[in-house]
Amino acid sequence: MSKELFTLGSQTVIGMVHCLPLPTTAGFDGDYQKILDHAVQDAKTLERAGVDAVIVENMGDTPFSAKLNKAQLAALTAATVQVKNAVNIPVGVDAAFNDCEANLAIAAIAGASFVRVPVFVDTVVFTDGIINPCAKQCMEYRKALGREDIKILADVQVKHAHMLLPYLTIEQSAREAADSGADGIIVTGTQIGEETPIDLIQRVKKVVKLPVYAGSGVKAGNIKSQLQIADGAIIGSSLKEGGILTNPISYELVKQVLDGLRN
């Protein structure tokens, strides 16, 4: 591991490996191998361009449900295993929208280092209905798997969802996530590609002693200012030509974003 990712001030850059639509989902085109090849290609491009880690996510499975079905679980596991075997940087898993048991099980079998859990302590309204927090389930399942080394990066007041109790502050959510065992906190804008407000990152940083990650809208023009405050960034759509999520990762765009941090 080139750097310690889950530490304060590490300026960790995590690239998203967005899987194409998995079997049984609306956009699946019948080509199983293409899903795996696409994921491996994107992971290799991200590694070659210099990111610190990648997260494999079933981003193509819209409309999302809260949990994966068996076909999705099998496909996301296969993609994660192949990505883990193809790169030498840490690999994470995001079983979207919020299947924490699938997340941890995939990470355990694939040898992944971390998972992203979108709804850890909040209760949110989503297109699939109300999603309840899973922190207790997540921590107990990780222990049952014997893989307490797998890090949990928890979103607070996550994008694409609405808080059932909107009066709860992001500070309250962040404190609860930290108290519930999260290893890092993710703060986002409200939608894919929307810049994470700097003031939200600052507010979360003031109340937790965990690494805080900007989870949306990080690009070449703002990565330096974002990572002067955040401890890392999770980047996806700005690394695709035209911002189209089904496009392959662009090596040139990844380099532009990383150059924006370093220059």
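Above: the structure in question.
For the structure given in this document, a descriptive report is provided here. This is a predicted model, so every value here is computed, not measured. (Residues numbered from 1 in each chain as written. Predicted model: local features only at pLDDT ≥ 70, side-chain atom pairs only at ≥ 80, totals over all residues. Heavy atoms only, no water.)

Re the nonpolar core
Core analysis: the largest hydrophobic core is formed by 67 residues, its most contacted members being Leu76, Phe120 and Ile185. For this core, the leading source of residues is helix α1 (residues 32-49), giving six residues. Not counting residues within four places of it along the chain, the set of residues in contact with Leu76 comprises Cys19, Leu22, Val56, Glu57, Asn58, Leu68, Val93, Asp94, Ala95 and Ile106. The next biggest cluster of nonpolar side chains, apart from the first, holds twelve residues, and it includes Met59, Phe64, Ala66 and Phe97. (Core = buried A, V, L, I, M, F, W, Y, C linked by side-chain atoms within 4.5 Å. Buried < 20%, exposed > 50% of the residue type's maximum accessible area, 1.4 Å probe, protein only. Helix = DSSP H or I, 4+ residues; strand = E, 2+ residues; numbered from the N terminus. Contact = heavy atoms within 4.5 Å.)

Thoughts on the packing of aromatic side chains
A full pass over the atoms with the stated rule returns four aromatic pairs. Relative to Tyr32, the ring of Phe28 has its centre 5.0 Å away and its plane inclined at 70 degrees; by these criteria the two rings are edge-to-face. Members of the aromatic cluster, each reached through a chain of ring pairs, are Phe64, Phe97 and Phe126. If you follow Arg48 out to its NZ or CZ, it ends over the ring of Tyr251, 4.3 Å from the centre. (Phe/Tyr/Trp six-rings, centres within 6.5 Å; stacked < 30°, edge-to-face > 60°. Lys NZ or Arg CZ within 6 Å of the ring centre and 35° of its normal.)

So, the pattern of salt bridges
The tally for this structure, following the rule as stated, stands at eight salt bridges. The partner of Asp155 in a salt bridge is Arg116, and the shortest N-O contact between them spans 2.8 Å. Residue Asp155 is located in strand β7 (residues 151-155), and its partner Arg116 is located in strand β4 (residues 114-117); the two are separated by 39 residues in the primary sequence. When its relative accessible area of 0% is taken as the criterion, Asp155 is described as buried. In this structure Arg116 comes out as buried when scored by relative accessible area, which is 5%. The closest approach of N and O atoms between Glu140 and Lys136, which form a salt bridge, is 2.8 Å. Here Glu140 pairs with Lys136, and both are found in helix α4 (residues 135-144), just four residues apart, close to one helical turn. (Salt bridge = Lys/Arg side-chain N within 4 Å of Asp/Glu carboxyl O.)

Some remarks on a nonpolar patch on the surface
On the surface, Val125, Ile130, Leu164, Leu165 and Tyr167 cluster together into a nonpolar patch covering about 470 Å² of accessible area. Along the chain, Val125 turns up in strand β5 (residues 124-126). You can call Val125 partly exposed: its relative accessible area is 34%. (Patch = residues over 30% accessible without salt bridge, like charges linked within 9 Å, V, L, I, M, F, W, Y side chains within 5 Å. Areas by Shrake-Rupley, 256 points an atom, 1.4 Å probe, with all protein chains shown as cover.)

Details of the side chain of Asp42
Within the secondary structure layout, Asp42 lies in helix α1. Despite its burial, Asp42 pairs with no opposite charge; the closest candidate is Lys240, at 4.5 Å N-O. If we ignore the near neighbours within four places in the chain, the residues touching Asp42 are Val17, His18, Lys240, Pro248 and Ile249. (Lys, Arg positive; Asp, Glu negative; His and termini not counted.)

With respect to the sheet that holds β5
Backbone hydrogen bonds are what pair the strands of a sheet, in a parallel or an antiparallel way. With antiparallel pairing, the three strands of this open sheet are ordered in space as β6-β5-β8. Each edge of the open sheet is held by one strand with a lone partner, namely β6 (129-131) and β8 (162-163). Bridge count between β5 and β6: three bridges; the pairing is antiparallel. Counted as the bridge partner of Val124 is Ile131 from β6. (Pairing = 2+ DSSP bridges.)

A closer look at the pairing of strand β3 (residues 91-94)
Of the two faces of β3, the one carrying Val91 and Val93 and the one carrying Gly92 and Asp94 are both buried. Judged from the four bridges that link them, strand β2 (residues 53-57) and β3 form a sheet pairing that is parallel. In the sheet register, Glu57 faces β3, and the bridge partner there is Asp94. Read from β2 through helix α2 (residues 70-86) to β3, the crossover connection turns out right-handed. (Right-handed = clockwise from strand over helix to strand, strands pointing away.)

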